[in-house]
Amino acid sequence: MSKRTLTTESGAPVADNQNSATAGVGGPLLIQDQQLLEKLARFNRERIPERVVHARGSAAYGHFEVTDDVTAYTSAAFLNTVGKKTETFLRFSTVADSLGGADAVRDPRGFALKFYTEEGNYDLVGNNTPVFFIKDPIKFPDFIHSQKRDPFTGKQEPDNVWDFWAHSPEATHQITWLMGDRGIPASYRHMNGYGSHTYQWTNDKGEAFFVKYHFKTNQGIRCLSAEQGAELAGKDPNSHQTDLLQAIERGVYPSWTLYVQIMPAAEAEDYRFNPFDLTKVWPHADYPLRRVGRLVLDRNPDNVFAEVEQAAFSPNNFVPGITASPDKMLQGRLFAYADAQRYRLGVNHTQLPVNAPKATVADNYGRDGFMATRNGSRTDKNYEPNSHQGPAETGLALGAPRAVAGYTGAHAAPLHTKDDDFFQAGELYRLMSDAEKERLVANIAGGLSQVSREDVIEKNLAHFHAADADYGKRVEEAVRALRDA
């Protein structure tokens with residue numbers, strides 16, 4: 001079998017790829033050596049800006065199969081028939097660390113799912129927790145700055161982490177999740193995924209419903225203790241990537257069952273919690289889980305850079321029948337995620353194979369820009385409306401309209417009857433076993449005890465006391481014991 005011919009980027013054959021051209025034997029290099037200069041220049045440009053958050057990730061392809069009829073709630077085509085399958089791409093990630101960080105660390109996990117539907121790509125960008133630390137996107141840059149490496153020390157600082165949380169009592173619920181047993185999943189296969197935000201579904205009658213997504217792992221929940229996580233991160237920083245890759249290569253295909261909580265739109269106004277507050281859950285007793293389908297991962301990417309690093313997700317990639325809710329954090333992400341991808345990958349990132357639609361064709365008037373591969377022919381116009389049979393609008397809204405009223409301005413979120421920053425954190429704590437509570441308290445105290453300022457410690461302790469008297473008492477005693485040791 002003959003070997004393929006090595007060529008330059010322009011397709012010319014390469015005569016020698018082992019020795020640079022020189023001015024005589026042992027002489028200086030020649031600037032005319034195209035292969036040398038091209039290789040070095042390309043090597044310098046192999047890296048693109050990593051994601052500010054969710055930089056370290058793993059991913060796989062698979063499919064979603066509808067198992068239950070939900071057409072009474074949404075007109076989305078990929079959900080309209082029991083048994084219908086849609087190709088998917090799921091990226092898992094840690095949040096705070098850089099691309100070179102370890103997998104087995106205490107951190108939320110990203111759960112970003114792309115459905116390649118016949119009506120275009122639908123991106124559901126969530127986490128492995130049903131809530132988050134903040135409820136307004138204007139706080140997001142400050143939150144991430146507090147969790148990332150300090151500009152002076154170059155490392156994550158407990159003073160920064162807990163100082164921000166001390167001034168953000170709404171974080172108490174998510175802190176209780178993060179510092180609990182599920183803060184370090186044993187693998188990506190052994191954790192749940194959540195849409196986290198509230199979304200709106202609309203059926204073919206124009207009736208609106210608010211929904212929350214729950215992907216329950218069929219492998220069972222498995223987690224690591226702080227000690228196990230530290231040991232594994234030291235032994236194999238790529239532990240979760242290795243586990244996912246090898247499981248799929250062995251034919252052990254991980255799967256999740258999708259459930260949704262469904263709230264008729266009319267019930268949102270008077271619900272006891274603000275249903276659009278990302279720091280809150282909807283108790284299952286109020287809105288039980290309804291099964292929708294099954295997600296299976298069965299194929300690894302062939303190239304991590306091309307398919308995992310260049311994968312671009314944006315919550316504003318909706319399809320007919322699914323739209324946004326008034327969730328402030330979701331509203332902010334509708335802009336921020338797409339903008340991040342335009343910065344990282346360029347305005348034509350949607351034309352990359354991993355991001356391009358697979359079950360339909362993108363047809364619009366976007367033209368030019370870096371790396372444009374879809375520019376049209378001489379008969380294609382780049383404006384609309386036109387008289388040349390170019391693509392035209394449908395006039396059909398993605399979902400039911402929502403009435404709004406009031407004055408513009410910087411408003412705090414409206415309070416519902418049970419809205420505060422601590423009630424649900426306390427409810428979560430009281431659900432835990434004694435052993436789970438002990439580990440939660442130890443994890444919180446381990447970080448909070450390292451804070452240098454007493455006033456920051458006191459502010460945080462007040463949050464745990466407000467959530468549950470026993471919770472606060474045990475955290476305070478554990479912090480004091482560590483600081484007095």
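A. Just the packing of aromatic side chains, in detail. Under the defined criterion, the tally for this structure stands at 32 aromatic pairs. For the pair Tyr-199 and Tyr-213, a centre-to-centre distance of 5.6 Å together with 70° between the ring planes defines the contact as edge-to-face. Note that Tyr-199 is positioned in strand S6 (residues 199-202) and Tyr-213 in strand S7 (residues 208-217), a separation of 14 residues in sequence. Here Lys-114 stacks its cationic end above the ring of Phe-313, 4.9 Å away from the centre of that ring. The cationic tip of Arg-299 hangs over the ring face of Tyr-61; the distance from NZ or CZ to the ring centre is 4.0 Å.

B. Here's a closer look at the environment of Pro-49. Tracing the chain through its elements places Pro-49 in the loop between helix H1 (34-44) and strand S1 (57-66). On the accessibility criterion, Pro-49 (33% relative accessible area) is partly exposed. Spatially, the C-alpha atom of Pro-49 lies 23 Å from that of Leu-37, the residues being 12 residues apart in sequence.

C. Region of the structure containing the nonpolar core. Phe-133, Trp-162 and Trp-165 are the most contacted members of the largest nonpolar core, which totals 40 residues. Listed by contribution, the elements that provide at least two residues to this core are helix H2 (140-147), helix H3 (158-166), helix H4 (172-179), helix H9 (423-431), helix H10 (434-448), helix H11 (454-467) and helix H12 (469-484). In terms of nonpolar packing, the next biggest core, distinct from the first, is built from 37 residues, Phe-78, Tyr-122, Phe-209 and Leu-295 among them.

D. Local environment of the pattern of salt bridges. With the rule as written, the count across this model stands at 27 salt bridges. Here Lys-135 ties to Asp-421 by a salt bridge, and the two come within 3.4 Å at their closest N and O atoms. Pair noted here: Lys-135 is in the loop between strand S4 (120-127) and H2 and Asp-421 is in the loop between helix H8 (328-345) and H9, with a separation of 286 residues, a long-range link. Its salt-bridge partner being Asp-243, residue Arg-189 comes within 2.6 Å of it at the nearest N-O pair. Pair noted here: Arg-189 is in the loop between H4 and strand S5 (193-194) and Asp-243 is in helix H6 (residues 239-249), with a separation of 54 residues, a long-range link. Overall, Arg-189 belongs to the buried group, its relative accessible area being 10%. Residue Asp-243 is classed as partly exposed on the basis of its relative accessible area of 22%.

E. Layout of H6. Taken residue by residue, H6 has Ser-239, His-240, Leu-244, Ala-247 and Ile-248 as its buried positions. The buried residues of H6 occupy one face: seen down the axis, they fall within an arc of 150°. Where the residues of H6 are buried, they touch S1, strand S2 (85-94), strand S3 (109-117), helix H5 (226-235) and strand S9 (290-299). Backbone geometry just downstream of H6 places Gly-251 in the positive-phi region, at approximately 90°.

F. Looking closely at the pairing of S1. Burial analysis of S1 places 8 of its 10 residues in the buried class, the great majority of the element. Across 9 bridges, S1 lies against S2 in antiparallel orientation. The partner of Ser-58 across the bridge, within S2, is Phe-92. Relative to S9, S1 is paired through 6 bridges, and the arrangement is antiparallel. From the neighbouring strand, Gly-62 faces S9, where its bridge partner is Leu-297.

G. The side chain of Arg-109, seen in detail. Its place among the elements puts Arg-109 in strand S3. No salt bridge is formed by the buried Arg-109; its nearest oppositely charged neighbour, Asp-107, is found at 5.3 Å. Here the side chain of Arg-109 touches Asp-103 through a polar contact of 2.8 Å, landing on its backbone oxygen.

H. Broad picture of unusual backbone geometry. The omega torsion of the bond from Glu-384 to Pro-385 falls at 5°, within 30 degrees of zero and hence cis. Here Pro-385 lies in the loop between H8 and H9. The phi torsion at Ser-196 lies on the positive side, around 65°, for a residue other than glycine. With respect to the helices and strands, the residue Ser-196 is situated in the loop between S5 and S6. Overall, Ser-196 belongs to the buried group, its relative accessible area being 8%. With a phi angle near 60°, Gln-389 is a residue other than glycine that sits in the positive phi range. Relative to the elements of secondary structure, Gln-389 occurs in the loop between H8 and H9.

What counts, and at which threshold
- Counting of residues starts from 1 at the beginning of each chain's written sequence and follows it residue by residue.
- Only residues with pLDDT of at least 70 are given local features in this predicted model, and only at 80 or more are side-chain atom pairs given and counted; all residues enter the totals for whole chains, interfaces and linings.
- Side-chain figures throughout are based on the complete set of non-hydrogen atoms in the structure, without hydrogens or water.
- Note on ring pairs: Phe, Tyr and Trp rings are taken, using the six-membered ring of Trp, and paired if centres are within 6.5 Å. Classes follow the plane angle, with under 30 degrees stacked, over 60 edge-to-face and the rest tilted.
- Each helix is a run of DSSP H or I of at least 4 residues and each strand a run of E of at least 2, with the numbering of both proceeding from the N terminus.
- Geometrically, a charge over a ring is one whose NZ (Lys) or CZ (Arg) sits within 6 Å of the ring centre while staying within 35 degrees of the ring normal.
- Each residue gets one of three labels from its accessible area relative to the maximum for its type: buried under 20%, exposed over 50%, partly exposed in between, using a 1.4 Å probe on protein chains only.
- Remark: nonpolar core denotes a set of buried residues (Ala, Val, Leu, Ile, Met, Phe, Trp, Tyr, Cys) joined through side-chain atoms within 4.5 Å.
- Any carboxyl oxygen of Asp or Glu within 4 Å of a side-chain nitrogen of Lys or Arg constitutes a salt bridge here.
- Picture the helix axis, draw a direction to every C-beta atom, and the arc is the one those directions span.
- Between two residues, a contact is recorded if the distance between any of their heavy atoms is within 4.5 Å.
- Pairing between two strands is assigned when DSSP locates at least 2 bridges connecting them.
- For this count, His and the chain ends are skipped, Lys and Arg are scored as positive, and Asp and Glu as negative.
- In protein, a polar contact requires one atom able to donate a hydrogen and another able to accept it; more generally it is a pair of N or O atoms within 3.5 Å, and residues adjacent in sequence count only if both atoms are side-chain atoms.

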